[in-house]
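What the coordinates show
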Amino acid sequence: MIWEHASSRLGLLTSASDGLQNVLAVEWISHVQFSPPLLMVSLVDGFHSASLVQQSGQFGLCFASDHQRELISAVGTVSGANLDKFADIPGLQPVEAIS
């Protein structure tokens, strides 16, 4: 299962809506069930990422490896409401989601 192969419980949550995109550092990724695979993350209502997820009804979740801690820290220290993280933080590249 996905959870068993994750090398870290740190992750990046991506969201997009109406031409805006963002990436959020998440630390509390929780396993809910195995079949079907179900994970849980919590977002603060009213924050930029939460608003994008509510508008679009979807998000992406990527587990980060231990050597990506600096990237996670860079993503988690600024709000995407004030900065285009994909344009301004080295190491991030958006890709189209597959659903």
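All values derive from a computational prediction rather than experimental measurement.

**Some details on the layout of surface pockets**
Put simply, the largest pocket is a space of about 680 Å³. Along its surface, the largest pocket is lined by 27 residues, and Thr 14, Ser 15, Gly 60, Val 95 and Ala 97 are the ones closest to its centre. Counting only elements with at least two residues in the lining of the largest pocket, the list comes to β1 (11–17), β2 (20–26) and β5 (60–63). What the second largest pocket holds in volume is close to 320 Å³. Taken together, 20 residues line the second largest pocket, and the ones lying closest to its centre are Leu 24, Ala 25, Leu 43, Val 44 and Phe 47. For the lining of the second largest pocket, the secondary structure elements donating two or more residues are β2, α2 (48–56) and α3 (69–76). Here the element with the most residues in the lining of the second largest pocket is β2; it accounts for four residues. When the residues that make up the lining of the second largest pocket are grouped by side-chain class, the tally is 11 nonpolar, seven polar and two charged.

**Focus on a nonpolar patch on the surface**
Nonpolar side chains collect at one region of the surface, where Val 32, Leu 38 and Met 40 lie side by side and expose about 250 Å² of accessible area between them. Inspection of the secondary structure assignment puts Leu 38 in strand β4 (residues 38–40). Judged by relative accessible area, Leu 38 falls into the partly exposed class, the value being 40%.

**Thoughts on the pairing of β1**
With five of seven residues buried, β1 lies mostly within the body of the structure. Where β1 folds back onto β2 in an antiparallel hairpin, the turn is made up of two residues, including Asp 18, whose phi is positive at roughly 50°. Here β1 runs beside β5; their pairing, made up of four bridges, is antiparallel. Paired with Gly 11 across the strands is Phe 63, a residue of β5.

Criteria and cut-off values
- Residues numbered from 1 in each chain as written.
- Predicted model: local features only at pLDDT ≥ 70, side-chain atom pairs only at ≥ 80, totals over all residues.
- Heavy atoms only, no water.
- 1 Å grid on protein atoms, 1.4 Å probe; cavity = no way out; pocket = protein on both sides within 12 Å on 5 of 7 lines; lining within 4 Å.
- Points joined across faces, edges and corners; volume = space filled by probe spheres on them.
- Helix = DSSP H or I, 4+ residues; strand = E, 2+ residues; numbered from the N terminus.
- Nonpolar A, V, L, I, M, F, W, Y, C, P; charged D, E, K, R; others polar.
- Patch = residues over 30% accessible without salt bridge, like charges linked within 9 Å, V, L, I, M, F, W, Y side chains within 5 Å.
- Areas by Shrake-Rupley, 256 points an atom, 1.4 Å probe, with all protein chains shown as cover.
- Salt bridge = Lys/Arg side-chain N within 4 Å of Asp/Glu carboxyl O.
- Buried < 20%, exposed > 50% of the residue type's maximum accessible area, 1.4 Å probe, protein only.
- Pairing = 2+ DSSP bridges.

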